[in-house]
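Analysis of the macromolecular model
This is what each chain is made of:
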Amino acid sequence: AEVTGNLSVVSEYLFRGGYENEGTAVQGGLDYAHESGFYLGYWGSSLGYADGGSASGFENDVYVGFSGEADAISYDVGLLYYHYTRVSDSDTPELYASIGTGPVSLGVAYLIDDVAWGNSGDTYVSLGFESEMPSDFSFSATAGYYSYATDDTNVATTSSSGLKHVDLTLSHPLADTGADMTVTYMVGGKDRSDTDVEDTVVLGVHMGF
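These lines cover the structure that appears in this document, whether it is placed above or below. Because the structure is a prediction, the values reported are computed rather than measured.

**Regarding unusual backbone geometry**
Here Asp-71, not a glycine, exhibits a phi torsion of approximately 60°, which is positive. In this fold, Asp-71 is placed in the loop between strand 6 (58-70) and strand 7 (73-85). By relative accessible area, which is 81% here, Asp-71 ends up exposed. Located in the positive-phi region is Arg-86, a residue other than glycine, with phi close to 65°. Tracing the backbone through its elements, the reader meets Arg-86 in the loop between strand 7 and strand 8 (92-101). In this structure Arg-86 comes out as partly exposed when scored by relative accessible area, which is 44%.

**What to know about the environment of His-34**
By the element assignment, His-34 lies in the loop between strand 4 (25-33) and strand 5 (38-46). Taking relative accessible area as the criterion, His-34 reaches 33% and is therefore assigned partly exposed. Through-space distance from the C-alpha of His-34 to that of Val-3 is 9.0 Å; in sequence the pair is 31 residues apart. For His-34, the side chain forms a polar contact with the side chain of Ser-36, separated by 3.0 Å.

**Side note on the environment of Ser-90**
Among the secondary structure elements, Ser-90 is positioned in the loop between strand 7 and strand 8. The exposure class of Ser-90 is buried, given its relative accessible area of 5%. Sequence-wise, Ser-90 and Glu-59 are 31 residues apart; in three dimensions their C-alpha atoms are separated by 9.7 Å. Sequence-distant contacts of Ser-90, defined by excluding residues within four places in its chain, comprise Tyr-82, Tyr-84, Val-115, Ala-116 and Trp-117.

**Let's talk about the sheet that holds strand 14 (residues 200-208)**
The strand order 1-4-5-6-7-8-9-10-11-12-13-14 describes a closed barrel built from 12 strands, whose pairing is antiparallel. For this sheet, the mean inter-axis angle between neighbouring strands, taken without regard to orientation, is 20°.

**Brief notes about the packing of aromatic side chains**
Applying the stated rule across the entire model yields 9 aromatic pairs. Arranged with centres 6.4 Å apart and planes meeting at 25°, the rings of Phe-66 and Tyr-75 form a pair that is stacked. With a relative accessible area of 34%, Phe-66 lands in the partly exposed category. Judged by relative accessible area, Tyr-75 falls into the partly exposed class, the value being 32%. When the centroid spacing of 5.1 Å and the interplanar angle of 15° are considered together, the rings of Tyr-146 and Tyr-148 count as stacked. Note on accessibility: Tyr-146 and Tyr-148 belong to one class, buried.

**Examining the environment of Phe-38**
Mapped onto the elements of the fold, Phe-38 is located in strand 5. Taking the C-alpha atoms as reference points, Phe-38 and Asp-76, 38 residues apart in sequence, are found 9.8 Å from one another.

**Structural notes on the pattern of salt bridges**
Applying the stated criterion across every chain, the model contains 3 salt bridges. Across the pair Glu-94 and Arg-16 runs a salt bridge, and its minimum N-O distance is 2.9 Å. On the criterion of sequence distance, the pair formed by Glu-94 in strand 8 and Arg-16 in the loop between strand 2 (14-15) and strand 3 (18-19) is long-range, its members being 78 residues apart. The pair Glu-94 / Arg-16 is uniform in exposure class, with both members buried. Here Asp-122 and Arg-192 are joined by a salt bridge, their closest N and O atoms 2.8 Å apart. Here Asp-122, found in the loop between strand 9 (104-111) and strand 10 (123-132), pairs with Arg-192, found in the loop between strand 13 (179-188) and strand 14; they are 70 residues apart in sequence, far enough to count as distant. On the accessibility criterion, Asp-122 (4% relative accessible area) is buried. Residue Arg-192 is classed as buried on the basis of its relative accessible area of 10%.

Definitions and limits used
Residues numbered from 1 in each chain as written. Predicted model: local features only at pLDDT ≥ 70, side-chain atom pairs only at ≥ 80, totals over all residues. Heavy atoms only, no water. Helix = DSSP H or I, 4+ residues; strand = E, 2+ residues; numbered from the N terminus. Buried < 20%, exposed > 50% of the residue type's maximum accessible area, 1.4 Å probe, protein only. Polar contact = N/O pair within 3.5 Å; in protein donor to acceptor, adjacent residues only side chain to side chain. Contact = heavy atoms within 4.5 Å. Pairing = 2+ DSSP bridges. Axes fitted to C-alpha atoms, helices over the stretch in contact; angles between N-to-C directions. Phe/Tyr/Trp six-rings, centres within 6.5 Å; stacked < 30°, edge-to-face > 60°. Salt bridge = Lys/Arg side-chain N within 4 Å of Asp/Glu carboxyl O.

Pasting the structure below:
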């Protein structure tokens with residue numbers, strides 16, 4: 001068993017192709033993983049919005065799950081709970097699962113409750129790819145697709161599904177600090193109202209311990 005942590009500073013916090021803030025966000029988490037495959041963890045981020053028009057909300061994610069490998073296939077299944085400080089009607093559990101082989105992974109997340117940012121039954125599917133590159137660079141890509149719940153909707157929805165985003169990330173160690181610097185270009189898709197999501201570039205510094 002082991003406990004690990006992470007700390008990041010990013011120029012913008014993007015969540016599945018959506019903007020969670022309009023400036024720098026500080027993020028971090030702790031994870032406990034047992035050799036059996038059981039794990040639990042916490043991850044949090046500052047937000048660029050809150051009740052009353054304030055820009056000092058905070059996202060707290062607590063999760064528990066089980067992961068492992070079978071031959072060349074890795075798998076992960078768990079339950080995550082979103083809890084927001086100073087943001088109303090946004091707390092909810094979410095089921096998630098993923099499988100992967102080599103540099104490719106496929107994930108799915110299912111929203112359980114109606115909240116201010118989604119409807120019960122919203123399903124997010126992601127396809128990821130990671131690869132090492134020369135000179136200690138690494139590259140990753142993630143494509144996110146949403147299937148939106150449209151019956152008895154809590155949040156107005158005019159599109160049943162669509163490509164939400166494609167993230168292209170290049171990372172490199174930051175000298176001998178133990179941290180990595182990343183540059184992510186997000187290609188915006190469409191949101192649940194069929195509105196185009198603006199492309200953006202996000203800079204980040206990330207450290208694990």
